Amino acid sequence: MDVTDIGNREEGKLKFRKPSSGKGVLLTVVRTAQQAKVRFLHVIFDATGEYFLAGDHHGNIYAFDISRNRFRLVQKTGQACTALAISFHRSAEFLVALVDNTIKCFDQDTKQMVSWMRGHEGAVSSISIHSSGRYGVTTSSDTAQLWDMDTFQRKRKLNIHQSVGIQKVFFLPQSNTILSCFSDDSIFAWDSNTLVCEYQLPVPDTGPRLFYKAFAVTQDGKSLAAGGRSNLLHLWCLESKTLVKVIQMPTQVRTVRQLEFLSDSFDGGSNQTLGVLSQDGIMRFVNIHTSKMLFHVGSRNTAINTVTISPTGRHLVAILDDGSICVYNVQSLTEDLNNPPLPQVTVVSDTAAKQAPLYLKVKSDRTQRAATHTGPPKRVKICAPTRTLLTVEDKENQLPGGLNKTRLVDLLKTFGEYPAKYRMFVWRSLLCLPENYAAYSSLTDKGLHSAYVTLHEKYPIKSQKLQRGLQRVLSALSHWASIFGEVEYLPLLAFPFVKLFQNNPMLCFEVVATVLVNWCQHWFEYFPNPPLNILSMAENILAHHDKELLQHLVDCGITSQLYVWPLLETLFSEVLTRDEWLRLFDNVFSNHPSFLMMACVAYLMCCREPLLLCSQKEDFEYFFHHRNNLDMEAMIKDAYRLMMNTPSDVHPVRMLSDFTALTKGQYPVFNHYPEFIVEYQNREKEKIRQQELEYLQERQEVMALRKDLVAHQAEEDAYYVQQELMQKAEEERRNILAQEEEKLTQQRKNLAAMKRELKAKELQMLDANRRRLLQHQQDLQVSQIRRLDQEITRKMDIREEETAAAVQDLDIRQMELEVQRRQLEQQLCKEQLRIERQVEDVRMKRSDGEKGNMQELEGIPAAEPRQLGADRNWHRDAAAERLQHADGELEKRRRTLAGGDRLMHTPRNVAGQEWDEVMNQTGHLVEQEQSRPAADTSYSRLGFNSSRVRTATTKAATPKQAGSNVKVCLNSSSPTESTATNFSLDRGRAHLDSQERQLMREMNCLRLKLAARAIEDSFDSTR
């Protein structure tokens, strides 16, 4: 069984199949996601009945179009749905009740949510839309709410007691009444406009309580069926508000889960068939008037969970317990019920048996039981007809399928045609088709006949399906009888039947074969010429009934091959419309095979007026190959009149045999044709075919040689053409290269000129940049010199301040030296006074002492001057050492400060030279002092005193002179500066050196930036 698995696809094609009788399954749909089956929950049809929506457990809503064999995903809600409904006012909108107790309205085309309705506290079990589409009712176990579908606002809410639950609330079809059904079996009717209770159905007092669970209303809104936990069904009449019938279902039904009325296009809305879904998963359809079960859907293996029937009653959709969807064709399910009724026409016979009265009993709607009698049963004697009469009647009238030919002919004469719905069935019965599947398969297995391989070239048909069907039927006929591969008009004869039976090629083959066997008798005796015997019979019939028309045709030189044979070889398909052709063959198949010839003569007689006006052969040819205005009913009546009024010597019935059906199992042998002619033609055609094959083979070889020669010649021509083209191309390329070289030369010149211009511009830019850079450098140098001047001035000021401080220090030092000198002089004076005192004491002792002592006294004065000379020498050496040490320190300071004072070298050098001279003189004086003898004992006391005074005076003058020299060359590295002064001068030099190095680095960076900017400007100008 074909199953459509939609999976995760959002749209696709459905796998429909032709339903079989009694089953009616059109389609089975399942959905698997991640190797697990997803169950469908609810289904709803639209108003057309060819389109339905289905919601699954994952919240996906799918739309299935039965007429187009397509499906598509219209919405993803993300939640399982509990009810579905389609709006009647706007067909693109649909309502979905979800497990979160809300109802959402979506648009199928845009897939957008239109509205979101809230208010229920429990799950919504049903949604009912008013026939106008303006209002909607949603039902849950605790409440029912009325909504305005234009504004999606709640209009009214039905509140109930907790002890009484709501089973279902819905609108009655074609009315403004709302029917509310409760769990206590009470049913109320409300007016949807005023919301006033109109009536209440009475709860049955007698009989068991049903506990209503399922409800169904007919399309006219006049009847209500209710069922519950019982096998009984209550049928209510809503007009009279009474219980009109109680239907008892079979014992297998214990609980009714769902009720649905099956619509019929001819019942006017008063549905008679009720579907009852029970606890066993089987839905049984019963007639509510006869209480007869018609058919059922489902089984224990394929149990049904819920069922939805289309409004037109053509389709039925069932959701099985496994979650799959099955779509049924109701017509296939009710095919057995739609069989033709028992014949109502009885043939009256003169025999005594048929004159006996016929007693019929009409069975009432109630179930009749056999009556019991106390007496013996009555015997009824039935007169049986004779065996001969029954055999003749069966042979003449009984047809397969339970039909009677006599009654069919009477019905045909009454209505003029068979019902279109049953025409194919009637034809199959009239022709007694054997339906030999195996024999037909053996013919089709032989493949396409060689005579019809090129059929599409001679008879092109737009429909490829019809083309293949025609080829298949003609090939099967040719394999059945070889003559049919030679008959040229066979495609014209078979095409109407192929088009009519295009969905069943076997029936088409058997119909055409039956026509060839019965209605084409003696057609092939004069093969390959037209059937002259048949044409002469038609001419005789025309001569008997309309001599004037025949004489006119003879006078115009028109033979029966022109006015009868075109009608027969095409079976009137060229001159009649589809409906006219079907009506004609309803009568042809219902009568003797000679009726077809009578129909040809009747067609001529009905068209005698335009035929009498024609005189040219072309006009007659056109007339019998094109449609003409014709009264089909009059033509058929004329054919029946000809059948009745034609004399037996002219009537074709004497030459044509009665109808003979095809045999079952194997088709009969068809050899009513000159076999030797056909065989001769076959042999000749085979020879011709062989010769054609040889000729084609030789021609193919010649064509191959010619093709090779042509190819070789073409290759040579192509080679020479290619060479010429290559030469031309080479010349063109050379010219192009020359032109390109000229262009390239010119471009190079232009490029060189541009380069020169760019170079000149670049040089100009570089020169401008260089000038700018030089100017900038000059500005930087000027600013730097200015800063250096400022720095020098600042340093000079600092050094002047330091010099002033050094002068002050020197003054203080000079004062300290002066103080030391004075202290030394005082010590010398004190020592001199001490010595003088000693000398005085010695003198005094010398004058008073003895002569020996005088010798000691004389020695003492000699030692004292020696000691005084030694002291003087020591002081002099100490002063010289201090002077040398000061000179060395001053020389070091001078060398250190010599590099920083070169800018002011002139005055400072002069001052330095003067200072050097002074220092040289001082050095000479020191050397002279050191070169003097350490002890001068020849000085007298007076002389010693005077020289010592002078020495002290000289020592005192020397520092003063040095102090005066210090004042002159104080800005240079004076050798007389003290150590403290030198430290004060070097105090800021390290900071100045670091600033100078920083300035030099900044100047270098600035030069690099200016050079890079100049290069970029030149590159931009060049580009």
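Here the structure is shown first, and the text comes after it.
The residue count restarts for each chain, going from 1 along the sequence in the order it is written. Local features in this predicted model are restricted to residues of pLDDT 70 or higher, and side-chain atom pairs are both shown and tallied only at a pLDDT of 80 or more, whereas totals for entire chains, interfaces and linings draw on every residue. Calculation of side-chain values draws on the structure's entire complement of heavy atoms; hydrogens and water are dropped beforehand.

Asks: Just checking my understanding: could you explain the environment of Val38 for this structure?
Replies: Starting at the N terminus, helices and strands are each numbered in turn, a helix being any DSSP run of H or I of at least four residues and a strand any DSSP run of E of at least two. Residue position: Val38 is located in the loop between strand 5 (36-37) and strand 6 (40-45). Here's how the labels work: a residue is buried when its accessible area is under 20% of the maximum for its type, exposed when over 50%, partly exposed in between, all with a 1.4 Å probe on protein chains only. Of the residues examined, Val38 reaches a relative accessible area of 4% and is grouped as buried. A C-alpha to C-alpha distance of 9.0 Å links Val38 and Gly7, two positions 31 residues apart in sequence. Any pair of residues with heavy atoms lying within 4.5 Å of one another is described as a contacting pair. Those residues in contact with Val38, other than ones at most four positions away along the chain, are Arg31, Ala33, Asp56, His57, His58 and Gly323.

Asks: For this particular structure, what's the right way to read the pairing of strand 28 (residues 283-287)?
Replies: In summary, the side chains of a regular strand alternate between the two faces of the sheet. Counted residue by residue, strand 28 has five buried out of five residues, so it is predominantly covered. What you see with strand 28 is no split at all: Met283, Phe285 and Asn287 on one side and Arg284 and Val286 on the other are buried throughout. Taken together, the five bridges between strand 27 (residues 273-278) and strand 28 define a ladder with antiparallel strand orientation. Each bridged residue has a counterpart across the sheet, and for Gly275 the counterpart in strand 28 is Phe285. Two strands are said to pair when DSSP picks up at least two bridges between them. Between strand 27 and strand 28, which pair antiparallel and follow one another directly, the connecting turn spans four residues, one of which, Gly281, has a positive phi of 80 degrees. In this structure, strand 28 lies alongside strand 29 (residues 292-297), joined through five bridges in antiparallel fashion. Bridged to Asn287 within strand 29 is Lys292. With antiparallel pairing between neighbouring strands as the criterion, strand 28 and strand 29 make up a hairpin whose turn holds four residues, including Ser291 at a positive phi of roughly 55 degrees.

Asks: How do you make sense of the nonpolar core when you look at a structure like this?
Replies: Across soluble globular proteins, nonpolar side chains show a tendency to be buried alongside one another. One finds Leu477, Phe484, Trp523 and Phe572 to be the most contacted residues of the largest nonpolar core, which totals 105 residues. Broken down by element, the residue count for this core peaks at 11 residues, all from helix 15 (residues 595-606). Listed in part, the 19 residues of the second largest apolar core include Ile6, Leu26, Leu27 and Val43. In this description, a nonpolar core means a group of buried Ala, Val, Leu, Ile, Met, Phe, Trp, Tyr and Cys residues linked to one another through side-chain atoms lying within 4.5 Å.

Asks: I'm lost on the sheet that holds strand 10 (residues 81-86) in this one. Help?
Replies: Two strands in a sheet stick together by hydrogen bonds in their backbones, pointing the same way (parallel) or opposite ways (antiparallel). Taken in spatial order, the four strands make up an open sheet running 10-11-12-13, and their pairing is antiparallel. Two strands close off the open sheet at either side, each with one partner strand: strand 10 and strand 13 (113-117). Direction aside, the axes of adjacent strands within the sheet are offset by 20 degrees on average. Strand direction decides the pairing type here: strand 11 (residues 93-98) and strand 12 (residues 103-107), joined by five bridges, are antiparallel. Among the inter-strand pairings, Phe94 is bridged to a residue of strand 12, identified as Phe106. To get an axis, fit a line to the C-alpha atoms, keeping to the stretch in contact for a helix; angles then go from 0 to 180 degrees between the N-to-C directions.

Asks: For this particular structure, what's the right way to read the sheet that holds strand 9 (residues 70-76)?
Replies: The antiparallel open sheet is built from five strands, whose spatial order is 2-9-8-7-6. Strands with a single pairing partner mark the edges of an open sheet, and in this sheet they are strand 2 (11-13) and strand 6. Neighbour-to-neighbour, the strand axes of this sheet turn through a mean angle of 20 degrees, independent of strand direction. Bridging between strand 7 (residues 51-56) and strand 8 (residues 60-65) involves five bridges; their strand directions are antiparallel. Within the sheet, the bridge partner assigned to Ala54 lies in strand 8 and is Tyr62.

Asks: Explain unusual backbone geometry here, please?
Replies: Negative phi values dominate among residues other than glycine, just as trans dominates among peptide bonds. Phi angles above zero are rare outside glycine, and Lys241 is one such case at about 55 degrees. Backbone geometry places His522, a non-glycine residue, at a positive phi of 65 degrees. Secondary-structure assignment places His522 in the loop between helix 9 (505-518) and helix 10 (532-545). For His522, a relative accessible area of 24% translates into the label partly exposed.

Asks: Mind showing me how you'd approach the pattern of salt bridges here?
Replies: Side-chain pairs of opposite charge can arise whenever the charged atoms involved come near each other. Here a salt bridge means any side-chain nitrogen of Lys or Arg lying within 4 Å of a carboxyl oxygen belonging to Asp or Glu. Applying the stated rule across the entire model yields 24 salt bridges. A salt bridge links Glu50 to Arg314, with the nearest nitrogen and oxygen atoms 3.2 Å apart. Here Arg314 lies in the loop between strand 30 (304-309) and strand 31 (315-320) and Glu50 lies in the loop between strand 6 and strand 7, a separation of 264 residues in the sequence. The network of salt bridges with common partners includes Asp546, Glu548, Arg608 and Glu609.

Asks: What is the right way to look at the packing of helix 8 (residues 490-500) against helix 9 in this model?
Replies: Each pair of packed helices gets described by two things: the angle between the helix axes and the distance between those axes. Viewed as axis vectors pointing N to C, helix 8 and helix 9 meet at an angle of 130 degrees, and their least axial separation amounts to 9 Å. By the criterion of interaxial angle, the relationship of helix 8 to helix 9 is oblique. In terms of crossing hand, the pair formed by helix 8 and helix 9 is right-handed. For the pair helix 8 and helix 9, contact is made by Leu490, Leu493, Ala494, Phe497 and Val498 and by Cys508, Val511, Val512, Val515 and Leu516, respectively. Classification used: nonpolar for Ala, Val, Leu, Ile, Met, Phe, Trp, Tyr, Cys and Pro, charged for Asp, Glu, Lys and Arg, polar for all others including Gly. Class assignment of the residues belonging to the contact of helix 8 with helix 9 gives a composition of 10 nonpolar, no polar and no charged. Any angle from 65 to 115 degrees is called roughly perpendicular, while one under 35 is roughly parallel, one over 145 is roughly antiparallel, and all others are oblique. Definitions for this section: a left-handed crossing has its near helix turned counterclockwise from the far helix by less than a right angle. A right-handed crossing has that turn clockwise.

Asks: Honestly, helix 10 in this entry has me stumped. Any pointers?
Replies: What a helix is expected to span follows from its residue count: subtract one and scale by 1.5 Å. Here helix 10 contains 14 residues, and its C-alpha end-to-end distance of 20 Å stays within 8% of the 20 Å for a straight helix at 1.5 Å per residue. Three or more residues of helix 10 are buried, namely Asn533, Ile534, Leu535, Met537, Ala538, Ile541 and Leu542. On the buried face of helix 10, the contacting elements are helix 11 (547-555), helix 12 (560-563), helix 13 (565-569) and helix 15.

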